[in-house]
Structure formats: C-alpha cells, structure tokens
Amino acid sequence: REGMIRSLGLTNFDTAHLRVVRASGVEVVSNQVSFSLFDRRAAGAMSELCQEYGVKLLAYGTLAGGLLTDRFLGQPEPAAMTTWSEMKYKRFLDTAGSWESYQDLLKVLRSVADRHGVSIANVASRYILEQPAVGGVIIGARLGESAHIEENLELFGFSLSAADRAEIEAPLAGFAAIPGDCGDEYRQPPFLTASGDLSHHFESFPAPYDVRDLGDGRQRVLSGTHWEEEFGYCRAIRRGSTVRVSGTTASHGDRLIGGTDAAAQAHFAIDKIEGAIQSLGGRLADVVRTRV
C-alpha cells in the first residue's frame, strides 16, 4: 500500500496452494521451485496453473547441484558426494533413475551440446528455460570457486530445436517421476534433502494450533475467531481417542479465502481441519466421518 514493494513472489508452493493464493486475489507474480531434467514436477499441473494466472516459475536446481554438467560425464558413481547441494540432488537422481541411466542422459546432452558448441550445463539450463511457464533459471554459484559467469552467458546464444528436445527426452522416458508436487521434498517423505530428512533445517515443528488441556480428560484447540466467543464452539476438541472438528469454512479472520474458486475454498477448509487434527495428535488419514 505504501508503494515500497512492487511484486510478490513465492517459494516452493504446490499447485493447490498457489491456486488458493491467486484465487484469493493475492497477485503473486512468481513461484520459485525445483525444476530440472531430473525433477519435472513443475511441468504438469503447476505450469498449467501458472499459465492460467500469468505466474512465472523461477527454476532452481536446474543443474542438480552440478550433476548435470560435463564434470560427471563418464565418471564412476562416487561413494559419497562432497557438497550439500550434491548430496541433495543425488537423492533426486537415485529416486528418478540410476547412475547408468544418468550417464546415458549425459551422453545425449553432450551430443546436443556439441552441435551448438556449448556445455552440458548450458543445454540442461536451456531446456528448462524454454519451458512454457518458466520466467528464469537460477544457477547456483560459489564465488571465488566456480561462478561460470562467461559460460552461463552462452545460454543466450542458442536455442533448442524440436529434434534436440526429442533427443533429450528419449532417455528421460526411462526416469521415474519425483513423488508429490513442487516443494513436497520439504513437506513429506521421501524428504529429498541433503540429509534425507529435515534435521538440518528444523529441530521440531510447532503444532498448527495451541492445545489447551481442560482438566477433565478433554483437550481443545481454538483458532481465535469471534465465532468462538459469540457462539461457544471451538475449532476442535478431543476426548480419549476421538477428535471432533467444528464446521469449517474457507475463511481466515475476516477474509474469504479462495474467492469464487470452489476447489481453492475446499482445499483451504481441509487445511484448517488437518491442522486442528494434527494439533490434537491425529492425522487427516484418521478421519472416519465427515458431515457436509
């Protein structure tokens, strides 16, 4: 409102929550997600939604921590990776394919790169840069060690032909899809992070809602809305092994979430329900009855 911020961008939002945000009238312009030849989750529903709303993807992990470069072409599989980034994206590779299928991909990338007089890294980056919803690729650099500035500038001197893309996609057909949606590597197993879990990011996660012990065997959570004071109900209550959740709508404070998009409204309402159940020790998978 004060004119100090021109644009808003997101990081690692999945497709459903990006829809929630945009349908609620929050005019975000970008979503920064992992997107590479190993990890093409963003190429499906995410890209379709971004094109619908005019959101651009900022792709990171494009070179998979250096795995999609000439450095590993023809090399045996190492016993261990040496950097955090290599450790992280080696997990992506192990999930999607094998060292042998990866080497087959590198050979194809080298063949395409030779035709254009560029590097494997250039071809891997250019492939993602040319995807419909992508606004830019983020190439990591370790200043003083491996910035590759001149090499990266070669990205703007060539483009991939339909034949190039078909040649690249042929070995990719044998790769498995990375599970989940964009950003899920930080939200659910398998955690495709450097350590294989979230231990180097967080010590613990807080409950979505504060839990109050009522002293009579019951626990409850409140969301702080005026409805709870006016009409005497709470977000959820637990007695023994049973959790009951109050009627839930797509509202947050005095704001309607999801606009007129029924799918976005429903997703936000289920998020609230899930948060309440988690706070009281359960999971969404434990639900045995809903009333709508």
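1. Remarks on the pattern of salt bridges
A full pass over the atoms with the stated rule returns 17 salt bridges. With a closest N to O distance of 2.9 Å, Glu86 and Arg71 form a salt bridge. Pair noted here: Glu86 is in helix H3 (residues 84–96) and Arg71 is in the loop between strand S3 (56–60) and H3, with a separation of 15 residues, a long-range link. You can call Glu86 buried: its relative accessible area is 4%. In this structure Arg71 comes out as partly exposed when scored by relative accessible area, which is 48%. Among the ionic pairs, Lys90 bridges to Glu77, the shortest N-O distance being 2.8 Å. Linking Lys90 in helix H3 with Glu77 in the loop between S3 and H3, this pair joins segments that are 13 residues apart in sequence. Note on Lys90: relative accessible area 10%, which makes it buried. You can call Glu77 partly exposed: its relative accessible area is 43%. A cluster of three or more residues bridged by salt bridges with shared partners is formed by Arg19, Glu52 and Asp261.

2. Re a positive patch on the surface
Together, Arg239, Arg244, Arg289 and Arg291 make up a positively charged patch on the protein surface. Within the secondary structure, Arg289 is located in the segment after helix H9 (262–279).

3. Comments concerning the packing of aromatic side chains
By the definition in use, this model includes seven aromatic pairs. Among the aromatic residues, those joined into a ring-pair cluster are Phe38, Phe72, Trp99, Tyr102 and Phe175.

4. Structural notes on helix H1 (residues 15–23)
Looking only at H1, the buried set comprises Thr15, Leu18, Val20, Val21, Arg22 and Ala23. Packed against the buried residues of H1 are strand S1 (8–11), strand S2 (28–34), helix H2 (45–53) and H9. With its phi angle positive at about 90°, Gly25 sits one or two positions after the end of H1.

5. Topic: unusual backbone geometry
With omega at -5°, the peptide bond leading from Pro189 into Pro190 counts as cis. Phi is positive for Asn12, close to 60°, though the residue is something other than glycine.

6. Overview of the sheet that holds strand S7 (residues 236–239)
Backbone hydrogen bonds hold the strands of a sheet together, and the pairing may be parallel or antiparallel. One open sheet holds the four strands; their spatial order is S5-S6-S7-S8, and the pairing between them is antiparallel. Two strands lie at the open edges of the sheet, namely strand S5 (211–213) and strand S8 (242–245), each paired on one side alone. Each adjacent strand pair in this sheet contributes to an overall mean axis angle of 20°, direction not counted.

Parameters and conventions
Residues numbered from 1 in each chain as written. Predicted model: local features only at pLDDT ≥ 70, side-chain atom pairs only at ≥ 80, totals over all residues. Heavy atoms only, no water. Salt bridge = Lys/Arg side-chain N within 4 Å of Asp/Glu carboxyl O. Helix = DSSP H or I, 4+ residues; strand = E, 2+ residues; numbered from the N terminus. Buried < 20%, exposed > 50% of the residue type's maximum accessible area, 1.4 Å probe, protein only. Patch = residues over 30% accessible without salt bridge, like charges linked within 9 Å, V, L, I, M, F, W, Y side chains within 5 Å. Areas by Shrake-Rupley, 256 points an atom, 1.4 Å probe, with all protein chains shown as cover. Lys, Arg positive; Asp, Glu negative; His and termini not counted. Charge placed at Lys NZ, Arg CZ, Asp CG, Glu CD. Phe/Tyr/Trp six-rings, centres within 6.5 Å; stacked < 30°, edge-to-face > 60°. Contact = heavy atoms within 4.5 Å. Pairing = 2+ DSSP bridges. Axes fitted to C-alpha atoms, helices over the stretch in contact; angles between N-to-C directions.

So, to be careful, I would describe these as geometric facts and stop short of saying anything about function.
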